[in-house]
Every structure is written in C-alpha cells, then in structure tokens.
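Close look at the chain arrangement
Chain by chain, the residues:
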Amino acid sequence: MQRYQAVNQTDLNKIHETSLKILEEVGVIMTYEPACNLLAKHGAKIDGKKVLFPRRLVEESLKLAPSSFTLYARNPEGNVIFNLEDTHYCGPGGSCFVADLDHGRRPSKKEDFINLIKLYQSMDLIEMHHVPCEMTDVDPAIRNKAVVYETMKYSDKPLMPFMFTYEEAKECIEMAAVPFGGLEAVKNKKPVLLADPCTVTPLCYDDKSLATLMAFAEYGQIQLINSLAMAGATAPVTLAGNVAVQNAEILAGIVLAQCVNPGTPVIYSASGSNANMRTCSLTIGSPECALMSLINGQLAKFYHLPCLSLIHISE
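Here we summarise the structure given alongside this text. (Residues numbered from 1 in each chain as written. Predicted model: local features only at pLDDT ≥ 70, side-chain atom pairs only at ≥ 80, totals over all residues. Heavy atoms only, no water.)

Considerations on the overall build of the protein chain
Assigned secondary structure in the protein chain consists of 10 helices and 13 strands. For 315 residues, the compact-globule estimate of 2.2 N^0.38 gives 20 Å, and the protein chain sits close to it at 19 Å. For the protein chain, the proportion of contacts with a sequence separation of at least 24, taken over those separated by at least 6, is 71%. A total accessible area of about 14,700 Å² is found for the protein chain, and carbon and sulfur atoms account for 55% of it. Counting 27 positive and 34 negative side-chain charges, the protein chain places the centres of these two groups 2 Å from one another. (Helix = DSSP H or I, 4+ residues; strand = E, 2+ residues; numbered from the N terminus. Rg over C-alpha atoms; globule rule 2.2 N^0.38 Å. Contact = heavy atoms within 4.5 Å. Areas by Shrake-Rupley, 256 points an atom, 1.4 Å probe, with all protein chains shown as cover. Lys, Arg positive; Asp, Glu negative; His and termini not counted. Charge placed at Lys NZ, Arg CZ, Asp CG, Glu CD.)

Here it is as structure tokens:
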C-alpha cells in the first residue's frame, strides 16, 4: 500500500527515466579501481574517471535486490525484519558534540558514547544503533572498531557503524560475526551489520564509500546506500531535478552491490533537501526536505526496496 503520494505515477516514471539517462549519458565519478574493474566486467563503460551505466545493467541489478530481509541481533527477540510495509526506528547518529544540564555543549567522548548506547538499549522503540556520537578521545585509527566493540559490549541490538576502508569494514564485520559463529556463519546467511556508504553529490563516490560498499556486499551485509543532494547547490534547483540526480547516485551504488554479490540486501536511503540560497548551506527540516522524503519513499516502493527516511532536527 502506498500511504502518501507527493507525485503521481507519470511524474515518478519521468524521474526514473531521467535517472537512467543521467547514468547512461553523464555517468558517475568513481576512482576506486576494484569497483571500476568489476563494473566494466558487467557491461559498464569506463570513460576516464566516469562510469557510464547502461540501462540494462541497472534494470537487471534492481531485480536482484531483495524486497525483504532480516537484520540479526544477538538477542533473537531483537531481530529486525525489513520489508515494504513495516516501520523500524534507529537511534540518532553522527554527532561530534553532546550536551547536558551539568556541562552544557562539549565535544563528545567515549564515556558519552557508552552512556548513550546504554540509554538506547533501554528504549524499546529504538531497534538499532547508529553511532550516537563520536569518541573524540579515541584514536581515529581504531575508532570504528571501538564503535563496534563498545556497542556490542553494552547492547544486544544490531548496529550501524561508520566505515572508511575495505580492511576496516571487513574487521568490523568479523567482530560483529563472533557471537554468530564467525564470518563464514554470517556470510550471505545472517546480516548482522548495516553500512551507510554515502555519495558525494553531484554524481560521485569517494574511494572509502566504495570500499565499504564492496566489503559489505561481499559478505552479504545490509547496505543503506545514501545520497544527500542539495537543490540549488549540488543538484538542480527544482525538486524533481534534485531527486533525479539523487536517485541516479543511489542506483549506481545498488548496481555495484549486486555486481559484487547478487542478492545483497540494500535499503534505499536518501536524505536530500534544498540549499539556503543566502549561505549555500543545507536547510534542515524545510518543506522541500519533507517533500523529497515522500518522493524518496515512492521511489523505494517503485523499486520494491525498503527505504530509510531521516528525521532532521535543527537547533
């Protein structure tokens, strides 16, 4: 059932067709050699730093992505089943600062991270953990592994850490797989982690996001392939144009995931909004942001994929 329709089916088809045209004629910048080589083997055209995606490759890849799958928790009662109908909630993530009544606003540290994990563990509504705040007092070289370790230590809910290299991603998957019997026990059988490889709008992926995407796809872990396009800054000023560019970027990531491992579970994740035309900064919680979220949900339904919708809160 489609609960909300911000655009009609005709306009949705136009957005889809425009995205396919962008992918085939404009392309997406990718410089990560393993990704480019793999896509070329599956029929993509490499033109310098750009990868051009033929329509057939995109359509075939979309058919491979499942519409329903399970994210496994250490406590089986906490397993999360993703599909096209049910709604699930993940804790907030990505903050470099925290605030409380005693100390005010300050850079977040490991102690804050642990306290927030404990808090979300106690909340029935929160079913999954993101990175609630950065552990700025932990060496960045091991911070991603610390995120997985500390989250698993204080919670039995699934988690979504940040990743930066193929090796880091694989190490984090290996850590999360320990309670389930190791890497081979979870590979293509039990997704136990989510990753959120993000695009660099307009029409670009950096090497770290592609490395994370490929590592997670290799082991059949869940991908939240995300794009945040800013209408009037990093994408066309019209909402339809902005969504078409954003959609093209997400489709490129879905194609790569399916080329690595057909059947890799993916979640359609788009969080675009419009730019403040005075400052060129992202506007959070604007009417345009809400409209794009609704259109993104319609596109996810169009592709028969679960979707992520971000709730933006500004100070």
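On we go.
Overview of the sheet that holds strand β3 (residues 50-52)
One open sheet holds the 3 strands; their spatial order is β1-β3-β2, and the pairing between them is antiparallel. Across the chains shown, the open sheet's two edge strands, defined by having one partner strand only, are β1 (28-29) and β2 (45-47). Here β2 pairs with β3 via 3 bridges, running antiparallel. In the strand pairing of β3, Asp-47 is matched with Lys-50. (Pairing = 2+ DSSP bridges.)

Some points on the pattern of salt bridges
Tallied over the entire structure, the rule returns 9 salt bridges. Here Glu-85 and Lys-301 are joined by a salt bridge, their closest N and O atoms 3.3 Å apart. Of the two residues, Glu-85 is situated in the loop between β5 (80-82) and β6 (97-100) and Lys-301 in helix α10 (residues 287-302); the sequence distance between them amounts to 216 residues. A salt bridge links Asp-112 to Arg-106; the shortest N-O distance between them is 2.7 Å. Overall, Arg-106 belongs to the partly exposed group, its relative accessible area being 21%. (Salt bridge = Lys/Arg side-chain N within 4 Å of Asp/Glu carboxyl O. Buried < 20%, exposed > 50% of the residue type's maximum accessible area, 1.4 Å probe, protein only.)

As for a nonpolar patch on the surface
Nonpolar side chains collect at one region of the surface, where Tyr-4, Leu-291 and Leu-294 lie side by side and expose about 300 Å² of accessible area between them. When you line up the elements, Leu-294 lands in helix α10. (Patch = residues over 30% accessible without salt bridge, like charges linked within 9 Å, V, L, I, M, F, W, Y side chains within 5 Å.)

Regarding the pairing of β6
Pairing geometry for β6 and strand β7 (residues 104-107), over 4 bridges, is antiparallel. Bridging from a neighbouring strand, Asp-100 pairs with Gly-104 of β7. What sits between β6 and β7 in their antiparallel hairpin is a turn of 3 residues.

Details of the state of the cysteines
Under the criterion given, the structure shown has 0 disulfides. Among the cysteines around Cys-289, which has no disulfide bond, Cys-307 carries the closest sulfur, lying 14 Å off. Residue Cys-289 is classed as buried on the basis of its relative accessible area, which comes to 5%. (Disulfide = S-S within 2.5 Å.)

Notes on α10
With 16 residues, α10 extends 23 Å between its outermost C-alpha atoms, agreeing within 8% with the 22 Å of an ideal straight helix rising 1.5 Å per residue. Burial in α10 covers these residues: Cys-289, Met-292, Ser-293, Ile-295, Asn-296, Gly-297, Gln-298, Leu-299 and Ala-300. As for α10, its buried residues are in contact with α1 (9-26), α9 (239-260), β11 (266-270), β12 (273-274) and β13 (307-308). One or two steps after α10, the chain reaches His-304, where phi turns positive at roughly 60 degrees. (Expected span 1.5 Å × (residues − 1).)

Points about the side chain of Glu-249
Along the chain, Glu-249 turns up in helix α9. Lys-50 is the oppositely charged side chain nearest to the buried, salt-bridge-free Glu-249, at an N-O distance of 14 Å. Among the polar contacts listed, one links the side chain of Glu-249 to the side chain of Thr-199, at a separation of 2.7 Å. Contact partners of Glu-249, with chain neighbours within four places excluded, come to Thr-199, Val-200, Thr-201, Pro-202, Leu-203, Cys-204, Tyr-205 and Ser-227. (Polar contact = N/O pair within 3.5 Å; in protein donor to acceptor, adjacent residues only side chain to side chain.)

Considering the nonpolar core
Core analysis: the largest hydrophobic core is formed by 51 residues, its most contacted members being Met-30, Leu-39 and Phe-53. Listed by contribution, the elements that provide at least two residues to this core are α1, α2 (33-41), α3 (55-64), α8 (207-218), α9, β11 and α10. Considering every element that reaches this core, the biggest residue donor is α9, with 12 residues. Other than its neighbours up to four places away in sequence, Met-30 contacts Cys-36, Leu-39, Lys-49, Val-51, Phe-53, Tyr-205, Leu-210 and Ala-252. Ranked by size, the runner-up nonpolar core spans 18 residues in total, among them Leu-159, Met-163, Ala-177 and Leu-183. (Core = buried A, V, L, I, M, F, W, Y, C linked by side-chain atoms within 4.5 Å.)

Section: the side chain of Asn-261
Within the secondary structure, Asn-261 sits in the loop between α9 and β11. Residue classification places Asn-261 among the buried residues on the basis of a relative accessible area of 12%. Setting aside anything within four residues of it in sequence, one finds Asn-261 in contact with Asn-188, Ala-217, Glu-218 and Gly-220.

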